[in-house]
Amino acid sequence: MDLLEQSDSVLVVVDVQPGFLAREWFSEQDAAAASAALDRAVWLVALAARLEIPVVVTEEEPERNGSTDLRVTERLPAGTPVLRKPTFGLAGTPEILGAVRGTERGTTVVVGCETDVCIAQSAIGLRDQGFECVVVVDATFSPGEMHARGLDRLAAAGIDRNHAKGVTYEWLRSVDDSHAVLGAPGLPAPPFR
């Protein structure tokens, strides 16, 4: 895949909810990994809003898993759809697929939970629906070994992967743009160096 283009990207935020990010049985490593993935997802939502890149958000069983993390929702562009996802792969839900298509963007940049199930099935489904798809590996999460297994599944399916810093600078492209955007007030500090 070529470098990401701002004008062709839509950020898809999958199930960034407490039920997937903060379980009582998480190990310290799981909790740290979930927190880091959330920080990167929040960053990409804020950056997408700043760059006027559309965002589509899904929630799986919000009555059970809670609503999308407040740090994400408070940074969403006005009018961003937050849609209930009754299928593991979002392409299986016509309303969500319609929202992604409605952006008229050809490249989906996917973040969220859980890497081995909803992220993998969503990315593969989006690809099968004709979208270029990039999964942001450090802005996705599954507990324990399941994150790595999900990434292996994506690789086997030929889904492109990137990281939050890579996405950031592919969207920005130039030193001048990076200074103008990253130095502007209101954007959180990047969660990477």
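Residues numbered from 1 in each chain as written. Predicted model: local features only at pLDDT ≥ 70, side-chain atom pairs only at ≥ 80, totals over all residues. Heavy atoms only, no water.

Okay, unusual backbone geometry next. A cis amide bond links Cys 113 to the next residue, Glu 114, at an omega of -20°. Tracing the chain through its elements places Glu 114 in the loop between strand 4 (107–113) and helix 6 (115–128). Of note, the phi angle at Glu 52 is positive, near 60°, even though the residue is not glycine. The phi angle at Arg 173 is positive, at roughly 70°, despite the residue not being glycine. Relative to the assigned elements, Arg 173 resides in the loop between helix 8 (164–172) and helix 9 (175–182). Residue Arg 173 is classed as partly exposed on the basis of its relative accessible area, which comes to 42%. (Helix = DSSP H or I, 4+ residues; strand = E, 2+ residues; numbered from the N terminus. Buried < 20%, exposed > 50% of the residue type's maximum accessible area, 1.4 Å probe, protein only.)

Structurally, the position occupied by Gln 17 is in the loop between strand 1 (9–14) and helix 1 (18–21). Only 2.8 Å separates the side chain of Gln 17 from the backbone nitrogen of Glu 60, close enough to count as a polar contact. A polar contact is formed between the side chain of Gln 17 and the backbone oxygen of Gly 66, at a distance of 2.6 Å. What Gln 17 contacts, discounting residues up to four positions off in sequence, is Thr 58, Glu 59, Glu 60, Glu 61, Pro 62, Asn 65, Gly 66, Ser 67 and Thr 68. (Polar contact = N/O pair within 3.5 Å; in protein donor to acceptor, adjacent residues only side chain to side chain. Contact = heavy atoms within 4.5 Å.)

Applying the stated criterion across every chain, the model contains three aromatic pairs. Here Phe 26 and Phe 141 contribute two aromatic rings whose centre-to-centre distance is 5.5 Å and whose plane-to-plane angle is 65°, an arrangement assigned as edge-to-face. With a gap of 115 residues between them, Phe 26 in the loop between helix 1 and helix 2 (28–51) and Phe 141 in strand 5 (residues 132–141) connect regions that are remote in the sequence. Plain terms: the ring middles of Trp 43 and Phe 192 are 5.9 Å apart, the flat faces sit at 90° to each other, and that makes the pair edge-to-face. Taken together, the residues Trp 43 in helix 2 and Phe 192 in the segment after helix 9 connect sequence positions 149 residues apart. The exposure class of Trp 43 is buried, given its relative accessible area of 1%. Chaining the aromatic ring pairs together yields one cluster made of Trp 25, Phe 26 and Phe 141. (Phe/Tyr/Trp six-rings, centres within 6.5 Å; stacked < 30°, edge-to-face > 60°.)

Moving on, we come to the pattern of salt bridges. Counted under the stated rule, the structure contains 10 salt bridges. Among the ionic pairs, Asp 39 bridges to Arg 71, the shortest N-O distance being 2.8 Å. In this pair, Asp 39 is assigned in helix 2 and Arg 71 in helix 4 (residues 70–73), connecting sequence segments 32 residues apart. For Asp 39, a relative accessible area of 28% gives the class partly exposed. Here Arg 64 and Glu 61 are joined by a salt bridge, their closest N and O atoms 3.5 Å apart. By sharing partners, the salt bridges in this structure join Asp 15, Glu 60 and Lys 85 into a single network. (Salt bridge = Lys/Arg side-chain N within 4 Å of Asp/Glu carboxyl O.)

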